[in-house]
Amino acid sequence: MAASMAALFLVLLAGGAFLPLLLTALPGAGGRLTDALGDPVIWRSLRFTLVQAVLSTGISLLLAVPVAAALHEFRGFPGRNHVLRLFALPLALPQIVAVLAIVGLYGQRGVWSRLAESVGLDFPSIYGLTGILIAHVFFNMPLAVRIALGGMASMPAEYDRLAHQLGMGFAARFRHVLWPFMRPALMSSASLIFMLCVTSFAVVLTLGGGPRATTLEVAIYQALTFDFDVVRAILLALVQVVVTAFAYSLLTRAGGSVSSGFTVGALRPFAVRHTPGGYLAAVLVVSFGVLFVLTPFVLIVWRGLSADLAGLVLQDSVRRAVTTSLLLGTLSAVLAVMLGLAFAAGVTRRAAARRFSGPQTGAERLFGQMSSLILVVPPVVIAAGWFMVIRRFADVYAAAPVMVVTINAAMAVPFAIRLLQPAALSAAERYDRLCRQLGLEGFDRLRLVTWPLLRRAIFLAFAFSLALSLGDLGVITIFGSQDVQTLPYLILQRMGSYRTQDAAGLALLLCVMTMVLMMIADRGSEPTRTERTDRS
């Protein structure tokens with residue numbers, strides 16, 4: 001029952017926003033819809049959305065393959081675990097914070113751009129396609145590395161050991177041993193990265209650089225907030241949903257998961273002699289990956305500490321933004337965990353019902369994927385739909401807290417389930433029969449059995465959902481006002497008014513908050529020694 005209610009909530013939130021979005025402008029607007037089909041803005045936005053998504057995906061994978069291969073080959077690499085934890089951090093880094101760091105590195109007076117100018121190189125402008133690609137690769141290359149490593153970790157250890165014993169060179173091992181296991185993981189990561197780039201909002205909003213570098217989501221935002229062209233917003237939303245649905249179908253066909261890359265399977269190292277040239281090549285490749293991912297974090301800390309942090313904290317607007325972010329983020333995380341638990345309970349019951357009756361049915365697979373279908377309708381589209389519905393009956397800005405909490409919670413559900421469902425399935429397999437025999441149910445079962453077994457997973461899901469909610473900029477951009485401001489929204493305002501030092505200080509504050517939560521979730525998502533012993 002709870003699982004069905006959770007599914008109904010997500011369907012109503014996404015579909016309930018999109019259908020009224022159509023009905024809002026359809027009366028008397030049929031001709032305008034037909035005319036709008038010839039609007040060059042729509043097709044230019046679609047073309048740029050697809051071009052930047054394809055290029056971002058291709059570059060991310062091209063850079064991820066050698067880094068993943070080097071980390072797999074040299075499992076005794078010093079600091080390997082720290083590198084993998086570093087590669088997990090961009091997953092939850094707020095995009096607006098990353099944009100500030102990337103501008104500081106590659107902008108007109110950035111660190112790397114000035115270094116390039118000092119040696120006579122002309123670095124292209126960061127505003128436009130170049131900046132968008134750099135930002136997307138920063139977010140997605142580490143994700144592709146972790147997914148590729150997960151694919152290679154599924155390879156039987158005997159394959160790798162035998163290849164080394166036979167004296168196969170790296171090229172032969174990569175072609176005949178590593179690539180067959182890396183390729184499916186790369187296919188999954190490619191479709192996932194493509195979907196993330198198609199739905200990118202904050203990066204394109206801040207680095208787009210004009211009408212020629214505008215994606216569908218940014219065009220929807222501009223049509224509502226600047227032009228208030230409802231018909232154009234509807235067509236853009238329709239096209240956006242079609243594109244994201246196509247990307248999601250690619251992801252599911254590739255066997256991927258929207259939350260892939262959180263963990264990497266354990267590898268059992270064994271003694272292997274590598275040539276000095278191979279070791280040097282691995283060091284250079286991994287160092288490049290680490291430098292590319294680490295330098296934005298270093299710049300965030302450096303510029304954030306150079307700002308007047310004490311003065312910022314004393315500002316009423318900053319204190320209100322921090323309080324609002326924490327309050328709305330906490331409510332979103334609680335709601336996401338509740339929805340995730342409901343879905344996990346539903347999947348667990350269906351798995352228990354067919355335990356001895358064969359493979360999954362189509363209905364069971366559909367229910368298992370129901371939580372991820374919310375990503376087919378991006379948050380900006382949902383926010384835009386509800387914005388135009390609510391404004392007919394009430395003050396849209398008064399409804400901002402409710403919309404921010406519910407939409408952010410819905411977007412965090414697929415990731416929360418990734419942490420909750422394995423624990424729920426394990427608890428059901430171990431204790432369901434015993435609980436039925438003892439007549440243990442309801443609150444007593446929750447207190448004595450369910451809570452002790454799922455407590456760790458619930459805490460991790462809450463931490464990750466809170467980190468995602470704290471960094472949201474899409475929904476609050478539609479509903480934000482002077483009365484309801486979050487930290488990302490305030491950072492965007494300070495950037496727009498050229499108060500870059502204030503924006504840097506606020507970015508450091510937001511980065512610390514989200515990174516602490518992300519590190520807790522990443523470290524806690526790894527199995528404990530007791531769990532590894534139980535599995536073996």
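Residues numbered from 1 in each chain as written. Predicted model: local features only at pLDDT ≥ 70, side-chain atom pairs only at ≥ 80, totals over all residues. Heavy atoms only, no water.

**Student:** I'd like a rundown of the overall build of the protein, residues and numbers included.
**Tutor:** Broken down by element type, the protein carries 23 helices and zero strands. Residue burial in the protein is summarised as follows: out of 536 residues, 52% are buried. Sequence separation of at least 24 residues holds for 83% of the intrachain contacts in the protein that already meet a minimum separation of 6. Of the roughly 24700 Å² of accessible surface on the protein, 64% is carried by carbon and sulfur atoms. (Helix = DSSP H or I, 4+ residues; strand = E, 2+ residues; numbered from the N terminus. Buried < 20%, exposed > 50% of the residue type's maximum accessible area, 1.4 Å probe, protein only. Contact = heavy atoms within 4.5 Å. Areas by Shrake-Rupley, 256 points an atom, 1.4 Å probe, with all protein chains shown as cover.)

**Student:** Describe a nonpolar patch on the surface, naming the residues involved and giving the relevant values.
**Tutor:** Taken together, F459, V512, V516, M519 and I520 make up a surface patch of nonpolar side chains, about 430 Å² in accessible area. For the nonpolar patch, the element with the most residues is helix α22 (residues 500-524), which contributes four residues. Residue placement: M519 occurs in helix α22. (Patch = residues over 30% accessible without salt bridge, like charges linked within 9 Å, V, L, I, M, F, W, Y side chains within 5 Å. Salt bridge = Lys/Arg side-chain N within 4 Å of Asp/Glu carboxyl O.)

**Student:** Got a sec to walk through helix α11 (residues 216-227)? Specific residues and values, please.
**Tutor:** Buried within α11 are the following residues: L216, E217, V218, A219, I220, Y221, A223 and L224. Tucked inside the fold, the buried residues of α11 contact α3 (40-73), α10 (202-207), α12 (230-253), α17 (379-390) and α20 (474-479).

**Student:** How would you summarise the packing of helix α9 (residues 170-198) against α12 if you had to cite specific residues and measurements?
**Tutor:** Two quantities define a packed helix pair, namely the angle between the helix axes and the distance between the axes. Orientation of α9 relative to α12, taken along the N-to-C sense of each, is 165°, at an axis distance of 8 Å. As summarised for this structure, α9 and α12 are arranged roughly antiparallel, according to the angle between their axes. Like other packed secondary-structure pairs, α9 and α12 cross with a definite hand, here left-handed. Of α12, the residues touching α9 (which contributes S188, S191, L192, F194, M195 and V198) are Q240, V243, T244, A247, Y248, L250 and L251. Classifying every residue of the contact of α9 with α12 gives nine nonpolar, four polar and no charged. (Axes fitted to C-alpha atoms, helices over the stretch in contact; angles between N-to-C directions. Parallel < 35°, antiparallel > 145°, perpendicular 65-115°, else oblique. Left-handed = near helix turned anticlockwise from the far one by under 90°. Nonpolar A, V, L, I, M, F, W, Y, C, P; charged D, E, K, R; others polar.)

**Student:** Got a sec to walk through the packing of aromatic side chains? Specific residues and values, please.
**Tutor:** Enumeration over the complete set of coordinates arrives at seven aromatic pairs. Here F138 and F297 contribute two aromatic rings whose centre-to-centre distance is 6.0 Å and whose plane-to-plane angle is 50°, an arrangement assigned as tilted. Of this pair, F138 sits in helix α7 (residues 129-153) while F297 sits in helix α13 (residues 276-306), and the two are 159 residues apart along the sequence. On the basis of relative accessible area, F297 is assigned to the buried category, the value being 9%. Where F387 meets F479, the ring centres are 5.8 Å apart and the plane angle is 65°; that geometry is what we call edge-to-face. Taken together, the positions of F387 in helix α17 and F479 in helix α20 put the pair 92 residues apart, joining distant regions of the chain. Through pairs of rings, three or more aromatic residues link up here, namely F138, F139 and F297. (Phe/Tyr/Trp six-rings, centres within 6.5 Å; stacked < 30°, edge-to-face > 60°.)

**Student:** Account for the side chain of T214, with residues named and values stated.
**Tutor:** Checked against the element boundaries, T214 lands in the loop between α10 and α11. Classification of T214 as buried rests on a relative accessible area of 4%. Not counting residues within four places of it along the chain, the set of residues in contact with T214 comprises S45, F48, V204, A219 and Q222.

**Student:** Can you tell me about the pattern of salt bridges, naming the residues and giving the values?
**Tutor:** Opposite charge on two side chains permits pairing when their charged atoms draw close. By the definition in use, this model includes three salt bridges. Two residues, D502 and R494, come together in a salt bridge whose shortest N-O distance is 3.2 Å. By relative accessible area, D502 is classed as buried at 17%. R499 is paired through a salt bridge with D502; the nearest N and O atoms lie 3.0 Å apart. Among the ionic contacts, a cluster of salt bridges with common partners joins R494, R499 and D502.

**Student:** Just give me the short version of the environment of R80, but keep the residues and values in it.
**Tutor:** Note on placement: R80 falls in helix α4 (residues 80-88). When its relative accessible area of 10% is taken as the criterion, R80 is described as buried. Taking the C-alpha atoms as reference, R80 lies 9.5 Å from V286; in sequence the two are 206 residues apart. A distance of 2.9 Å separates a polar atom in the side chain of R80 from the backbone oxygen of L71. (Polar contact = N/O pair within 3.5 Å; in protein donor to acceptor, adjacent residues only side chain to side chain.)

**Student:** Got a sec to walk through the environment of A333? Specific residues and values, please.
**Tutor:** Its location among the elements puts A333 in helix α15 (residues 316-353). Separated by 133 residues in the primary sequence, A333 and L466 have C-alpha atoms spaced 5.0 Å apart. Those residues within four positions of A333 in sequence are excluded, and the remaining contacts are F462, S465 and L466.

**Student:** Can you explain the environment of W179? Please cite residues and give values.
**Tutor:** Checked against the element boundaries, W179 lands in helix α9. The spatial distance from the C-alpha of W179 to the C-alpha of G151 is 9.6 Å, given a sequence separation of 28 residues. Residues in contact with W179, not counting those within four places in the same chain, are F174 and L186.

**Student:** Got a sec to walk through the packing of helix α5 (residues 95-106) against α13? Specific residues and values, please.
**Tutor:** Relative to each other, α5 and α13 sit at 95°, their axes nearing to 9 Å. Classified by the angle their axes make, α5 and α13 are roughly perpendicular. Where α5 approaches α13, its residues V97, A101, G104, L105 and Y106 are matched on the opposing element by F292, T295, P296, L299, I300 and R303. Looking at the contact of α5 with α13, its residues break down into eight nonpolar, two polar and one charged.

**Student:** Any details on the nonpolar core? Residues and values, ideally.
**Tutor:** If you look at the biggest cluster of nonpolar residues, it comprises 172 residues, and the most contacted ones within it are L71, L93, F138, V145, F297 and F479. Looking at this core element by element, the count peaks at 18 residues for helix α18 (residues 400-438). Discounting residues that sit within four places of it in the chain, L71 has contacts with R80, V83, L84, F87, V145, L149 and V286. (Core = buried A, V, L, I, M, F, W, Y, C linked by side-chain atoms within 4.5 Å.)

**Student:** Quick one: what's the story with α9, residue by residue and with numbers?
**Tutor:** Across its 29 residues, α9 extends only 35 Å between first and last C-alpha, which sits more than 12% below the 42 Å expected from 1.5 Å per residue. Of all bends in α9, the biggest is about 60°, found at L178, and the proline P180 comes one to four residues later. (Expected span 1.5 Å × (residues − 1). Bend = angle between axes of the 7 residues up to and from the residue.)

**Student:** Could you give an account of the confidence of the model for the protein, naming the residues involved and the relevant values?
**Tutor:** Per-residue confidence for the protein gives a mean pLDDT of 79, with 82% of residues at or over 70. This model gives residues 264-268 a pLDDT under 50, and the stretch forms 10 contacts once residues within four places in sequence are excluded. Counting interchain partners and residues more than four positions distant, the pLDDT-below-50 stretch residues 528-536 has five contacts. (pLDDT = per-residue confidence, 0-100.)

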